[in-house]
Amino acid sequence: MLSQKNNRLYLENVSLEKLAGEYGTPLFVYSKNTILGNFNSFLKPFAPGKELICYALKANSNYSILKTLSGAGAGVDITSGGELYRAMRAGFKPSKTVYAGIGKTYEEIEYALKNNILMFNVESLEEIEAVNKAAGRLGRKAPVAFRVNPHIDPHTHHYITTGTAGVKFGIPFAEALDAYKTASKLKNIEIVGIHSHIGSQITSTKPFKMAAQRISGIVKKLAGAGIHLKYVDLGGGLGITYSNEKPPTPYELKKSVVPIFKGLDVSFIFEPGRSIIGNAGVLLAGVIYRKKAGGKNFLVVDTGMNDLLRPTLYEAFHDIVPAAGASRPRVKLDVVGPICETGDFLGKNRMIPWLNQGECLAVKCAGAYGYAMSSQYNSRARAAEVMVDGNKYSLIRRRETYKDLVALEK
Ligand code: LLP
């Protein structure tokens, strides 16, 4: 919902330059109606009554964003006790909560059991022992799915590839049947489903389809062995358009995978993160200095790898545009941050106007894995966050202060 009006960039009906002036930079700004629109496009049913959309909270865990999604009826995919805490506080229903993660501690398992979550996506045999033990201690049965690694390459960055052989995630698909048989003998375990999440920022249906084929094969074999699953959780991973990618729509994704399970009486779970919040957020940066060095042009801005790690960590592309005056002549330049590392950049070799000091740039598609992965590196207080709704806006997390930097130290 970004648009240009009078040579100014707007998110919904609010000028980003105005927000930068009011709240300062760096500033994350989110569009409430983009979030809801993205979520609603996931709701368009392919298998009516048999689909649950669980927002992957790790993508952005701000309370107001979570409230927006829980209020719209979303379920939630969590990955730690801290995420469970945030999810429950923001009103997500335990009956719509799924819990993944390869390193759930005993305390985290107990915490989730006490909250009556829908299911644990278990990633190892030692983990299922721990879940069984915790459930026994609480006099309960734990609802579990195994996360199965289907050994399918999702063709994305290798750091966010999770479904190939040799990565730490899931039970290798050739060992899945045995894992289920072992689990079926555990007293305090109720086997309810199967889970697979092959990676993130996936831009074609093909790997999803291939993974679904492997998973459906296992579901069928299990049914043959008398183990009937209720839930097929196909994870998240749907990509978004950062530059010229053309990812499938949520409906196209469902259409490509759901029919593979024909004849099986299962409900589907999807765990989108990026495709709900990614394009709903921008990061506003103020130009501190302009600099020419070694034949290159640099805009030195007040945000960098501490606020948006993706360019540094994955060499990820985020489009960068001026918040006002985009029609000026452009020059080739690098947008770099203030952090003391050469890897601290937001964009390289971009065609952007040679802005003046104090002017503002918007880094697009910064809603997912932006604030969530931010840090105080170089003792930089974390940015503020604002949510826009039509022509209204409000601060949803205040900027950190120097005092916040040291608040927990003894
Ligand atoms: N479900 C599970 C089990 C996951 O591990 C993830 C993401 C998701 C769902 C949501 O995936 P999404 O729909 O957002 O692709 N920091 C990286 C992305 C890491 C994704 C981790 N797992 C990035 O900035 O690209």
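Residues numbered from 1 in each chain as written. Predicted model: local features only at pLDDT ≥ 70, side-chain atom pairs only at ≥ 80, totals over all residues. Heavy atoms only, no water.

A. Structural context of the site of the ligand. Around the ligand, the surrounding shell holds 20 residues, and the nearest of these are Ser200, Glu271, Arg310, Tyr314 and Tyr369. Contact distances for the ligand include 3.1 Å between a nitrogen atom and a side-chain N or O atom of Asp77. Within the side chain of Arg310, an N or O atom sits 2.6 Å from an oxygen atom of the ligand. For the ligand, whose accessible area on its own is 590 Å², the fraction buried by protein is 91%. Mapping the ligand onto the cavity grids shows that it belongs to the largest pocket. (Near = heavy atom within 4 Å. Polar contact = N/O pair within 3.5 Å; in protein donor to acceptor, adjacent residues only side chain to side chain. Areas by Shrake-Rupley, 256 points an atom, 1.4 Å probe, with all protein chains shown as cover. 1 Å grid on protein atoms, 1.4 Å probe; cavity = no way out; pocket = protein on both sides within 12 Å on 5 of 7 lines; lining within 4 Å. Sits in = over half its atoms within 2 Å of the grid points.)

B. Region of interest: the layout of surface pockets. One number sums up the size of the largest pocket: a volume of about 610 Å³. Lining of the largest pocket is provided by 29 residues; of these, Lys58, Thr162, Phe169, His197 and Tyr369 occupy positions nearest its centre. Elements with a minimum of two residues in the lining of the largest pocket: helix 10 (274–277) and helix 11 (310–314). Taken together, the residues that form the lining of the largest pocket break down as 10 nonpolar, 11 polar and eight charged. Taken domain by domain, the makeup of the lining of the largest pocket includes at least three residues from each of domain 1 (2–30 + 278–406) and domain 2 (101–270). When its volume is computed, the second largest pocket comes out at roughly 310 Å³. Along the wall of the second largest pocket there are 15 residues; nearest its centre are Ser61, Asn62, Arg86, Tyr371 and Arg397. The leading source of residues in the lining of the second largest pocket is helix 4 (residues 81–89), at three residues. Residue composition of the lining of the second largest pocket, grouped by class: four nonpolar, four polar and seven charged. (Points joined across faces, edges and corners; volume = space filled by probe spheres on them. Helix = DSSP H or I, 4+ residues; strand = E, 2+ residues; numbered from the N terminus. Nonpolar A, V, L, I, M, F, W, Y, C, P; charged D, E, K, R; others polar. Domains from an automatic or database assignment.)

C. Inspection of the environment of Asn115 at higher detail. With respect to the secondary-structure elements, Asn115 resides in the loop between helix 5 (106–114) and strand 8 (119–122). A sequence separation of 22 residues divides Asn115 from Lys93, and the C-alpha atoms of the two residues are 9.6 Å apart. Those residues within four positions of Asn115 in sequence are excluded, and the remaining contacts are Leu84, Met88 and Pro94. (Contact = heavy atoms within 4.5 Å.)

D. Representation of the packing of helix 7 (residues 176–184) against helix 8 (residues 206–224) in the model. Contact geometry of helix 7 with helix 8 gives a least axis separation of 10 Å together with a crossing angle of 40°. Considered as vectors, helix 7 and helix 8 are oriented oblique to each other. Crossing angle aside, the handedness with which helix 7 passes helix 8 is right-handed. Residues Ala176, Leu177 and Tyr180 of helix 7 form the contact with helix 8, whose participating residues are Ile218, Lys221 and Leu222. In terms of residue class, the contact of helix 7 with helix 8 is built from five nonpolar, no polar and one charged. (Axes fitted to C-alpha atoms, helices over the stretch in contact; angles between N-to-C directions. Parallel < 35°, antiparallel > 145°, perpendicular 65-115°, else oblique. Left-handed = near helix turned anticlockwise from the far one by under 90°.)

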